[in-house]
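# Close look at the chain arrangement
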Amino acid sequence: MLENYLKECLYFTANRLSRIVAKMAEEEFRISGLSPTYAYLLMAVYDKEGISQKELGEILHLNPSTITRFIEKLTAKNLIYNKVEGRLSLIYTTEKGRELEETIYKCWMNLRRRYSDILGEKEGDELTLRLDQVSNQLENKE
């Protein structure tokens, strides 16, 4: 009976999936020397040099205090720096941070390939898009 409750519980199944995918991501991003979340933050900065902390939080769906902590950590590693312009704190990559770009994108592709090999590329893409839609609905954004 409990097994059925757990299988039918969005909280339980979403957390189970999160743990499985997090483990895969940590393994794939290990060669970058960064956790997947730090790597994704860098990817956002690569995509838009001079991105604001607020935008980073919105893109990564993280609280401002978490973004601040991550920025401090990556700044200490000399991978990014922030430049204050008025009330905005804009984030840029350093040369050392730029040197990691190719490795980070390889890690991302390896992770994608890894779950696509198991689920199938189409299924993996469809599941990812559906989970994004559901997340948006549950946040009352749609």
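Below: a short report on this structure.

## Focus on the side chain of Thr93
Residue position: Thr93 is located in strand S3 (residues 88–93). The class of Thr93 is buried, set by a relative accessible area of 10%. Engagement of the side chain of Thr93 in a polar contact is seen with the side chain of Glu49, the distance being 2.4 Å. Setting aside chain neighbours within four positions, we find Thr93 in contact with Leu42, Val45, Tyr46, Glu49, Leu79, Ile80, Tyr81 and Arg98.

## Re the pairing of strand S2 (residues 80–85)
As judged from the six bridges shared by S2 and S3, these two strands associate in the antiparallel manner. Looking at the pairing, Lys83 lines up with Leu90 of S3. Connecting S2 to the antiparallel partner S3 that follows it, the hairpin turn spans two residues, and Gly86 within it adopts a positive phi of roughly 65 degrees.

## What about unusual backbone geometry?
When glycine is set aside, most residues are seen to have a negative phi, and most peptide bonds are trans. The residue His61 is not glycine, and still its phi comes out positive at about 55 degrees. Inspection of the secondary structure assignment puts His61 in the loop between helix H4 (53–60) and helix H5 (64–76). The phi torsion at Asn78 lies on the positive side, around 60 degrees, for a residue other than glycine. For Asn78, the location among the structural elements is in the loop between H5 and S2. Residue Asn78 is classed as partly exposed on the basis of its relative accessible area, which comes to 43%.

## Thoughts on the environment of Lys96
One can find Lys96 in helix H6 (residues 95–99). Exposure remark for Lys96: the relative accessible area of 43% places this residue in the partly exposed category. Placed 22 residues apart in sequence, Lys96 and Leu74 show a C-alpha to C-alpha distance of 11 Å. What Lys96 contacts, discounting residues up to four positions off in sequence, is Lys77, Asn78 and Leu79. A polar side-chain atom of Lys96 sits 3.2 Å from the main-chain carbonyl oxygen of Lys77.

## Quick word on the packing of helix H3 (residues 36–47) against H5
Contact geometry for H3 and H5: axes closest at 11 Å, N-to-C directions at 85 degrees. In terms of orientation, H3 lies roughly perpendicular with respect to H5. Residues Thr37, Tyr38, Leu41 and Leu42 of H3 touch H5, and the partners they reach there are Ile67, Phe70, Ile71, Lys73 and Leu74. A breakdown of the residues in the contact of H3 with H5 according to their chemical character gives seven nonpolar, one polar and one charged.

## Comments concerning the pattern of salt bridges
Applying the stated criterion across every chain, the model contains ten salt bridges. Its salt-bridge partner being Glu27, residue Lys23 comes within 3.0 Å of it at the nearest N-O pair. Of this pair, Lys23 and Glu27 are both found in helix H2 (residues 10–29), four residues apart, which corresponds to roughly one turn of the helix. Across the pair Glu49 and Arg98 runs a salt bridge whose closest N-O atoms are separated by 2.8 Å. One end of the pair, Glu49, is in the loop between H3 and strand S1 (51–52); the other, Arg98, is in helix H6, with 49 residues separating them in the sequence. Residue Glu49 is classed as partly exposed on the basis of its relative accessible area of 31%.

The rules behind each value
- Residues numbered from 1 in each chain as written.
- Predicted model: local features only at pLDDT ≥ 70, side-chain atom pairs only at ≥ 80, totals over all residues.
- Heavy atoms only, no water.
- Helix = DSSP H or I, 4+ residues; strand = E, 2+ residues; numbered from the N terminus.
- Buried < 20%, exposed > 50% of the residue type's maximum accessible area, 1.4 Å probe, protein only.
- Polar contact = N/O pair within 3.5 Å; in protein donor to acceptor, adjacent residues only side chain to side chain.
- Contact = heavy atoms within 4.5 Å.
- Pairing = 2+ DSSP bridges.
- Axes fitted to C-alpha atoms, helices over the stretch in contact; angles between N-to-C directions.
- Parallel < 35°, antiparallel > 145°, perpendicular 65-115°, else oblique.
- Nonpolar A, V, L, I, M, F, W, Y, C, P; charged D, E, K, R; others polar.
- Salt bridge = Lys/Arg side-chain N within 4 Å of Asp/Glu carboxyl O.

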